[in-house]
Amino acid sequence: MKYITYLMVGVFFGIVMYKSEAASWFRIYEMFQFGAFHMYGIIGSALVLGILGVQVIKRRNLKAFGNQEMRLQPKDKGVSRYLIGGIIFGLGWALAGACPGPMYVLVGAGYYSILVVIAAALLGTFVYGVLRDKLPH
């Protein structure tokens, strides 16, 4: 039953992303050209909601499904790992015209050429998994 819940939340999220034009190549291009506030507003709203959600989880000691405790591990400090990772992510986002969430939304909307980008993203994730122990973290 919980998988149906996850599926329904994912479908709802996809509809919201498509209707808000967060999966639109034009909106993403416009954002990288600093031409409009549309995508910055969506990303900023998600950031604020994420911060508020984490604070609610921490302060009310909320439990996950199955009554499991949610523990948020602090990330390691450092600039280079986030700078390099952010540049790689941003370049991929700019070249593909979509970040990981909207890639699946675009498939659902009928833009099947994005399947090439999804395959490349999965291959990149696999290669990272193979090389993870050899990379500086």
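Residues numbered from 1 in each chain as written. Predicted model: local features only at pLDDT ≥ 70, side-chain atom pairs only at ≥ 80, totals over all residues. Heavy atoms only, no water.

## Focus: the overall build of the protein chain
Point 1. Tallying secondary structure elements over the protein chain gives 6 helices and 0 strands in all.
Point 2. Listing every helix and strand of the protein chain by position from the N terminus yields α-α-α-α-α-α.
Point 3. If one aligns the C-alpha atoms of the protein chain with their principal axes, the spans along those axes are about 40 × 40 × 30 Å.
Point 4. For the protein chain, the residues scored as buried account for 15% of the 137 residues in total.
Point 5. For the protein chain, the accessible surface area stands at approximately 11100 Å², while carbon and sulfur atoms represent 70% of it.
Point 6. Counting 13 positive and 5 negative side-chain charges, the protein chain places the averaged centre of each group 8 Å from the other. (Helix = DSSP H or I, 4+ residues; strand = E, 2+ residues; numbered from the N terminus. Buried < 20%, exposed > 50% of the residue type's maximum accessible area, 1.4 Å probe, protein only. Areas by Shrake-Rupley, 256 points an atom, 1.4 Å probe, with all protein chains shown as cover. Lys, Arg positive; Asp, Glu negative; His and termini not counted. Charge placed at Lys NZ, Arg CZ, Asp CG, Glu CD.)

## What to know about the packing of aromatic side chains
Two numbers describe a pair of aromatic rings. These are the distance of the centres and the angle of the planes.
Point 1. Here the structure, examined in full by the defined rule, presents 5 aromatic pairs.
Point 2. With a centroid separation of 5.3 Å and 85 degrees between ring planes, the pair formed by F32 and W93 is classed as edge-to-face. Residue F32 is found in helix α2 (residues 25–32), and its partner W93 is found in helix α4 (residues 80–96); the two are separated by 61 residues along the sequence.
Point 3. With relative accessibility at 34%, the residue F32 sits in the partly exposed group.
Point 4. The interplanar angle of 5 degrees and the centroid separation of 6.3 Å between the aromatic rings of F34 and Y40 together place this pair among those described as stacked.
Point 5. Take F34: its relative accessible area is 69%, and that puts it in the exposed class.
Point 6. Through pairs of rings, three or more aromatic residues link up here, namely F32, F89 and W93. (Phe/Tyr/Trp six-rings, centres within 6.5 Å; stacked < 30°, edge-to-face > 60°.)

## Observations concerning helix α3 (residues 38–60)
Point 1. Helix length check: α3, at 23 residues, gives a terminal C-alpha distance of 33 Å against a target of 33 Å (1.5 Å per residue), a fit within 8%.
Point 2. Just past α3, the residue N61 takes up positive phi, approximately 50 degrees. (Expected span 1.5 Å × (residues − 1).)

## What to know about the layout of surface pockets
Point 1. Size it by volume and the largest pocket reaches roughly 800 Å³.
Point 2. Residue assignment for the lining of the largest pocket shows that the elements contributing at least two residues are α4, α5 (100–108) and α6 (114–131).
Point 3. With 10 residues, α4 is the single largest residue contributor to the lining of the largest pocket.
Point 4. Of the residues in the lining of the largest pocket, the class split is 18 nonpolar, 6 polar and 1 charged.
Point 5. Computed from the structure, the second largest pocket encloses a volume of approximately 270 Å³.
Point 6. For the second largest pocket, the full set of lining residues is F13, V16, M17, S20, A22, M39, I42, I43, A46, W93, C99 and P102.
Point 7. It is α3 that provides the largest number of residues to the lining of the second largest pocket, a total of 4 residues. (1 Å grid on protein atoms, 1.4 Å probe; cavity = no way out; pocket = protein on both sides within 12 Å on 5 of 7 lines; lining within 4 Å. Points joined across faces, edges and corners; volume = space filled by probe spheres on them. Nonpolar A, V, L, I, M, F, W, Y, C, P; charged D, E, K, R; others polar.)

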